[in-house]
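Coordinate inspection notes
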Amino acid sequence: MTSLEAGAPRAVGGHWPGFFISFEGVDGAGKTTQVAALGMALRHDGHEVIAVREPGDTALGELARSLLLAEYGGEPIDPWAEALVFIAARAQLLRQVVLPALERGAVVIADRYVDSTLAYQGGGRGLDLDVLRRLHRDTCGDVWPDLTLLLDLPREAAETRQRASLLPFDRMESAPAGFHVAVLGAFRALAAAEPQRIVTIAAGRPAVVVSQDIWAAVSERLEELREELA
Ligand code: Z5A
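The rules behind the values
- Residue numbers here run from 1 along each chain, matching the order of that chain's written sequence.
- Local features in a predicted model are, by the rule used here, given only for residues with pLDDT of at least 70; side-chain atom pairs are given and counted only at 80 or more, and totals for whole chains, interfaces and linings are based on all residues.
- Side-chain metrics in this entry use all non-hydrogen atoms of the structure; hydrogen atoms and water are not considered.
- Counted as salt bridges are all cases of a side-chain nitrogen of Lys or Arg within 4 Å of a carboxyl oxygen of Asp or Glu.
- Segments assigned H or I by DSSP are reported as helices when at least four residues long, segments assigned E as strands when at least two residues long, and all are numbered from the N terminus.
- Any residue under 20% of the maximum accessible area for its type is buried, any over 50% is exposed, and the rest in between are partly exposed; the area is computed with a 1.4 Å probe on protein chains only.
- Contacts were defined at the residue level, with two residues in contact if any of their heavy atoms lie within 4.5 Å.
- Identification of polar contacts relies on pairs of N or O atoms within 3.5 Å, with a donor-acceptor requirement for protein atoms, meaning one able to donate a hydrogen and the other able to accept it, and with residues adjacent in sequence counted only if both atoms are side-chain atoms.
- Here, proximity means that at least one heavy atom of the residue falls within 4 Å of the molecule or strand.
- Methods summary: accessible areas were calculated by the Shrake-Rupley approach with a probe of 1.4 Å, and residue burial reflects only the protein chains presented.
- Put simply, Ala, Val, Leu, Ile, Met, Phe, Trp, Tyr, Cys and Pro go in the nonpolar bin, Asp, Glu, Lys and Arg in the charged bin, and everything else, Gly too, in the polar bin.
- To estimate the expected span of a helix, count its residues, drop one, and scale the result by 1.5 Å.
- By definition, the arc is the one covered by directions from the helix axis to the C-beta atoms.
- A strand pair is defined by DSSP finding two or more bridges across the two strands.
- Working convention: axes come from line fits to C-alpha atoms, limited for helices to the stretch in contact. Angles between N-to-C directions cover 0 to 180 degrees.

**Concerning the pattern of salt bridges**
Per the counting criterion, the structure on display carries 12 salt bridges. Note that glutamate 159 is salt-bridged to arginine 155, the shortest N-O span being 3.3 Å. Separated by 4 residues within a single helix, glutamate 159 and arginine 155 lie in helix α6 (residues 155–165), roughly one turn from each other. Note on glutamate 159: relative accessible area 23%, which makes it partly exposed. Taking the shortest distance from any N to any O, the salt bridge between aspartate 213 and arginine 205 comes out at 2.8 Å. It is possible to trace a salt-bridge network through shared partners that takes in Glu82, Arg125 and Arg171.

In structure tokens, the structure reads:
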């Protein structure tokens with residue numbers, strides 16, 4: 001692993017001196033595992049690292065998480081209501097935690113961010129992507145990550161991991177298989193449309209190998225940003 005210089009000031013896009021990384025992918029793709037590994041590697045290199053998950057990590061976000069993931073005895077939640085609660089949790093997390101951390105130069109690692117809304121509520125529920133993007137602009141200041149790591153895991157492999165965990169499925173996980181297939185397709189389409197920001201990592205390999213590819217992508221993007229500044 002190469003060394004990443006800590007605390008280098010950056011003003012790319014004029015937003016903040018920190019570095020914003022998001023992890024995306026279907027459930028079970030290994031995001032939580034890789035957020036922890038990357039966080040440890042970056043801290044070892046001297047960075048302040050703030051890891052957050054969506055929805056969650058604020059009082060409002062945790063309430064939203066219970067609302068969104070709990071089963072309601074079969075009562076369907078309207079797709080727009082679902083999208084707006086995810087977005088509300090994001091707006092709170094962004095202003096309460098993420099932006100202050102980026103402004104003081106920290107590396108923020110988000111376990112899911114706006115691409116999850118585009119993939120799950122856009123691709124999965126069929127909501128209009130342009131409207132979702134406009135909502136992101138209007139509610140979250142159009143803040144996008146410097147780098148997004150899409151952990152690409154085929155549906156069957158994700159299901160195998162879920163079953164192995166022996167945990168009961170939550171409301172999102174228990175959606176029909178077609179929903180999850182559409183979500184994966186949407187993530188792949190987002191990555192194809194934005195190859196500069198979204199790096200796809202094959203996630204069906206051993207975790208340590210996945211971590212090495214992630215480190216290479218993070219190092220490369222940080223280096224690019226430094227060159228843009230120089
Ligand atoms: N959602 C949405 O619809 N719209 C939005 O805007 C947002 C979210 C922000 C949040 O679920 C749900 O909300 C999610 C999307 C939706 N629903 N779905 N479906 P969550 O936060 O509770 O969970 P998750 O994000 O879906 O993922 P997860 O279950 O926490 O999985 P993960 O973090 O990707 O993977 P993991 O926990 O690191 O690993 C899963 C298991 O696999 C575990 O036993 C590991 O030890 C194992 N693992 C990890 N890596 C490997 C490798 N490389 N090989 C083998 N086994 C591995």
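**Observations regarding the environment of aspartate 170**
As for its placement among the helices and strands, aspartate 170 is situated in the loop between α6 and α7 (177–193). Sequence separation between aspartate 170 and isoleucine 50 is 120 residues, and the spatial gap between their C-alpha atoms is 26 Å. With sequence-adjacent residues up to four places away left out, aspartate 170 is seen in contact with Leu69 and Glu71. Of note is the side chain of aspartate 170, whose polar atom sits 3.0 Å from the backbone nitrogen of methionine 172.

**Describing the site of the ligand**
By nearness alone, 25 residues border the ligand, and Lys31, Thr32, Thr33, Arg65 and Thr117 come closest of all. For the ligand, an oxygen atom lies 2.8 Å from a polar atom in the side chain of arginine 112. Between a nitrogen atom of the ligand and a main-chain N or O atom of arginine 205, the distance comes to 2.8 Å. Calculation on the ligand without its partners gives an accessible area of 1,100 Å², and the protein chains cover 78% of this total. For the shell around the ligand, the elements supplying multiple residues, two or more each, are α1 (31–44), α2 (59–69), α3 (79–103) and α4 (114–124). Sorting elements by how many residues they give to the shell around the ligand places α4 first, with 4 residues. For the shell around the ligand, the per-class residue count stands at 8 nonpolar, 8 polar and 9 charged.

**Considerations on helix α5 (residues 129–140)**
Between its first and last C-alpha atoms α5 spans 16 Å; for 12 residues at 1.5 Å apiece the expected length is 16 Å, and the two agree. Here α5 has its buried residues at Leu132, His136 and Cys140. Along α5, the residues classed as buried sweep out an arc of 45° about the axis, all on the same side. Exposed residues pointing more than 90 degrees away from the buried face of α5 are listed as Asp130 and Asp138. Where the residues of α5 are buried, they touch α3 and α4. For α5, the side-chain oxygen to backbone nitrogen distance between the N-cap and aspartate 130 is 2.8 Å, and the N-cap itself is aspartate 128. Phi turns positive one or two residues past the end of α5, at glycine 141, with a value near 60°.

**Description of the sheet that holds strand β1 (residues 19–24)**
Backbone hydrogen bonds hold the strands of a sheet together, and the pairing may be parallel or antiparallel. Taken in spatial order, the 5 strands of this open sheet run β2-β3-β1-β4-β5, and their pairing is parallel. At either margin of the open sheet sits one strand with a lone partner, and together these are β2 (49–53) and β5 (198–202). Geometrically, the sheet is characterised by an average inter-axis angle of 20° between neighbouring strands, direction not taken into account. Here 5 bridges tie β1 to strand β3 (residues 107–111), and the two strands are oriented parallel to one another.

**Observations concerning the environment of aspartate 128**
Examined against the element boundaries, aspartate 128 turns out to sit in the loop between α4 and α5. Taking relative accessible area as the criterion, aspartate 128 reaches 41% and is therefore assigned partly exposed. Spatially, the C-alpha atom of aspartate 128 lies 25 Å from that of glutamate 71, the residues being 57 residues apart in sequence. Polar contacts involving the side chain of aspartate 128 include one to the main-chain amide nitrogen of aspartate 130, which spans 2.8 Å.

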